[in-house]
Amino acid sequence: MNRELRRHSYIRPPRLRSPRPAVMSIAVATYTPPPPSWSHQIRVAAAQGHFRNAISLFLQMRASVAPRSSVPASLPSALKSCAALGLSAFGASLHALAIRSGAFTHRLTANALINLYCKSRGLYHSPGREAISSGALEGARKVFDEMLERDVVSWNTLVLGLAEQGRHQEALSLVRKMCNDGFRPDSFTLSSVLPIFAENANVKRGMEVHGFAIRNGSHNDVSVGSSLIDMYANCTRTDYSVKVFESLPVRDPILWNSMVAGFAQNGSVEEALGIFRRMLCAGVRPVPVTFSSLIPAFGNSASLRFGRQLHAYVIHAGFEGDMFISSSLIDMYCKCGEISIARRIFDRMASPDIVSWTAMIMGYALHGPAREALMLFERMELGNAKPNHVTFLAVLTACSHAGLVDKGWKYFNAMSDHYGIVPALEHCAALADLLGRAGELDEAYNFISKMQIKPTASVWSTLLRACRVHKNTMLAEEVAKKIMDLEPRSIGPHVALSNMYSASGRWNEAAHLRKSMRNKGMKKDPACSWIEVKNKLHVFVAHDRSHPWYDRIVNALNVFSEQMAHQGHVPNTEDILQDIEEEQKTYALCGHSEKLAIVFGIISTPPGTTIRVMKNLRVCIDCHTVTKFISKLAEREIVVRDASRFHHFKDGNCSCGDFW
């Protein structure tokens, strides 16, 4: 038999041997493989995401008599596990071990070290060298610079680390150096730098990366596609997001979610819902992040219907227990005027996080029950959640809308005294607003003047509004000048001062200021209100007769006016800033946009239906009084969201307590 035949057959040449029992033959034929090596077990555990098990195996290996070669082979997986678990101190000890064992020079180990440092937030001492404390990214850069051999993974890991921690220029500089050193950026590189241009809204640079991706065939990669969609959406170019999305041959759930989030963050509610429906039709199951990004888009009364539909889907999909979704729902219902529904969702949460507490507190702050907001804050302090700067902004807003000056100062001082939170500009603005609303104009002026942060025009504007409410024209002139110096093109101080001159009968000065506004090309935004009835949005501008129901609205408003007159209502003409007769002023009040929207809502909906109106400006005194009367006469609850807060009118009362 030739060698080839022998090799391909299992016929063995006969040899003389003693016969053995059959059982023994079986025993000899059975093969028992050797146990897997330590390094193999550690690699498998890390690859499968069992990071704690990988670390445990590594420690067992170090305690055993494993071969010395096992340490270098297992270090990359151990370092990967440390990065995933955030074990900074143990990672530093592994860095020292890498140096002692000589594995520091291995490319895989060095890459794992760079990844560890990039994902760490703590400080490290350079192991095996002088005890020089350096930041985590400096540690990553040091490992990178000392590598004898780099690959694309080395560059990408450091680029991503720099980008994620906001060191954008360094990240982009490293990409340029990467190209100069002969390494070709891949899809991972591109998806790492695109968020930089998204955050800075630099669509021109983002388009350059897009062009590079097309030229190098990376544009069809789902990670690059997702980053491009996010970048264009952040730059308010959702039309380009759509083009990228439609051009991708494969669309994974991340791409669908990127599109939903992109439209949602740009306020394109209908488009976001359309993508969501297409996503469902394509058989892609929504995940919690889908709802967390979509729900906030429905944060106004006109979108409440869609928000409720989405809430129903959340319940149907079994995601109602998700903390992030619950927080989003609380925020949405608060912004839509449904504070009671928001509270029910909050009360069902087993352990609310700081986002949920803050959303609920801010909801009460904007809707009127300030003391309810402060009670929630005190409950939160007794629990595990620690207030942050947003929570304190909510608390200060609650104090401002209720005129609680002493409590406002208490919470403002507690930020730094008890929680180590340095008050930011928005906290100072909230306290200034509180003092101004409460009539403490001089105290507000002194507080703003002595702020450690240079006050902006918006901070001074809070005091200017208070000057108008409390009719302090002299201080208003000084404050308006400060705003004009900071923002010469700002129309706000011109309008406010002109209105104050008119209100005090200084018609010549008011006319001079308005002429100056016209010469500068300044135009005041017209007051408008809108309401949704039978799934259609109706917009009303002051004295606009274009609505098809205008005559019916005016007739119904006249009926209400007669009924109110019988109950003692006298129109408040203070906000009619024209030199005209009192009768003409009364007529002018009837054309205010919120009155038209409210009456239209009443005559076009069944009895008992809650009326929800949005307004772009602050509700005037007369409209506020009239709406209280109408809520009682029509036996309706009327919710008005103006530029400042929510007003819930019911049985002749308002949730703001006439303090707004």
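Quick note: structure is the one above.
Residues numbered from 1 in each chain as written. Predicted model: local features only at pLDDT ≥ 70, side-chain atom pairs only at ≥ 80, totals over all residues. Heavy atoms only, no water.

Student: Let's hear about the overall build of the protein: which residues, and what values?
Tutor: Summing up its helical and strand segments, the protein has 34 helices and 8 strands in all. Across the 660 residues that make up the protein, the buried fraction comes to 46%. Taking the contacts inside the protein whose residues are at least 6 apart along the sequence as the reference set, 61% of them involve residues at least 24 apart. (Helix = DSSP H or I, 4+ residues; strand = E, 2+ residues; numbered from the N terminus. Buried < 20%, exposed > 50% of the residue type's maximum accessible area, 1.4 Å probe, protein only. Contact = heavy atoms within 4.5 Å.)

Student: Go over the side chain of Ser-218, please, and point to the residues and values.
Tutor: Structurally, Ser-218 is set in the loop between α12 (203–215) and α13 (222–234). Residues contacting Ser-218, with those up to four places away along its chain left out, are Ser-187, Leu-190, Ala-213 and Val-224.

Student: So, the sheet that holds strand β7 (residues 646–650): which residues are in play, and what are the values?
Tutor: Read from one edge to the other, the open sheet built from 6 strands follows the order β4-β3-β5-β6-β7-β8, with strand pairing classed as mixed. Among the strands making up the open sheet, the edge pair consists of β4 (536–541) and β8 (653–654). (Pairing = 2+ DSSP bridges.)

Student: Explain the pairing of strand β6 (residues 638–641) to me, and be specific about the residues and the numbers.
Tutor: As paired strands, strand β5 (residues 611–615) and β6 are joined by 4 bridges and run parallel to one another. Paired with Arg-612 across the strands is Val-639, a residue of β6. Crossover handedness for the path β5 to helix α34 (residues 621–633) to β6: right-handed. Two elements, β6 and β7, share 4 bridges in a ladder whose sense is antiparallel. Pairing of Arg-641 across the sheet is with Phe-646, part of β7. In textbook terms, the turn of a hairpin is the stretch between consecutive antiparallel strands, and for β6 and β7 this stretch comprises 4 residues. (Right-handed = clockwise from strand over helix to strand, strands pointing away.)

Student: Describe the environment of Thr-391, and please don't skip the residues or the numbers.
Tutor: With respect to the helices and strands, the residue Thr-391 is situated in helix α23 (residues 389–402). Thr-391 gets classed as buried once you look at its relative accessible area, which sits at 0%. The sequence separation of Thr-391 and Ile-361 amounts to 30 residues, and the corresponding C-alpha distance is 7.6 Å. Reaching out from Thr-391, the side chain makes a polar contact with the side chain of Asn-388 at a distance of 2.8 Å. (Polar contact = N/O pair within 3.5 Å; in protein donor to acceptor, adjacent residues only side chain to side chain.)

Student: Got a sec to walk through the pattern of salt bridges? Specific residues and values, please.
Tutor: The tally for this structure, following the rule as stated, stands at 25 salt bridges. Put simply, Arg-612 and Glu-338 hold a salt bridge, and the shortest N to O gap is 2.3 Å. Residue Arg-612 is located in strand β5, and its partner Glu-338 is located in the loop between α19 (323–335) and α20 (339–348); the two are separated by 274 residues in the primary sequence. The closest approach of N and O atoms between Arg-343 and Asp-347, which form a salt bridge, is 2.9 Å. Separated by 4 residues within a single helix, Arg-343 and Asp-347 lie in helix α20, roughly one turn from each other. The exposure class assigned to Arg-343 is buried, which follows from its relative accessible area of 16%. Through salt bridges with shared partners, one network takes in Arg-107, Glu-149 and Asp-151. (Salt bridge = Lys/Arg side-chain N within 4 Å of Asp/Glu carboxyl O.)

Student: Describe the environment of Pro-249, with residues and values.
Tutor: With respect to the secondary-structure elements, Pro-249 resides in the loop between α14 (238–247) and α15 (253–265). For Pro-249, a relative accessible area of 61% translates into the label exposed. Taking the C-alpha atoms as reference points, Pro-249 and Asp-221, separated by 28 residues in sequence, lie 9.2 Å from one another.

Student: Summarise the packing of helix α9 (residues 152–164) against helix α11 (residues 187–199); cite the residues concerned and give the values.
Tutor: The description of two helices packed together rests on the angle between their axes and the distance between the axes. Closest axis-to-axis distance for the α9/α11 pair is 9 Å, and the angle between their directions is 15 degrees. In terms of axis orientation, α9 runs roughly parallel to α11. Like other packed secondary-structure pairs, α9 and α11 cross with a definite hand, here left-handed. Of the residues in α11, those in contact with Asn-156, Val-159, Leu-160 and Ala-163 of α9 are Phe-188, Thr-189, Ser-192, Val-193 and Ile-196. Across the contact of α9 with α11, the residue classes tally to 6 nonpolar, 3 polar and no charged. (Axes fitted to C-alpha atoms, helices over the stretch in contact; angles between N-to-C directions. Parallel < 35°, antiparallel > 145°, perpendicular 65-115°, else oblique. Left-handed = near helix turned anticlockwise from the far one by under 90°. Nonpolar A, V, L, I, M, F, W, Y, C, P; charged D, E, K, R; others polar.)

That is the geometry; function is a separate question.
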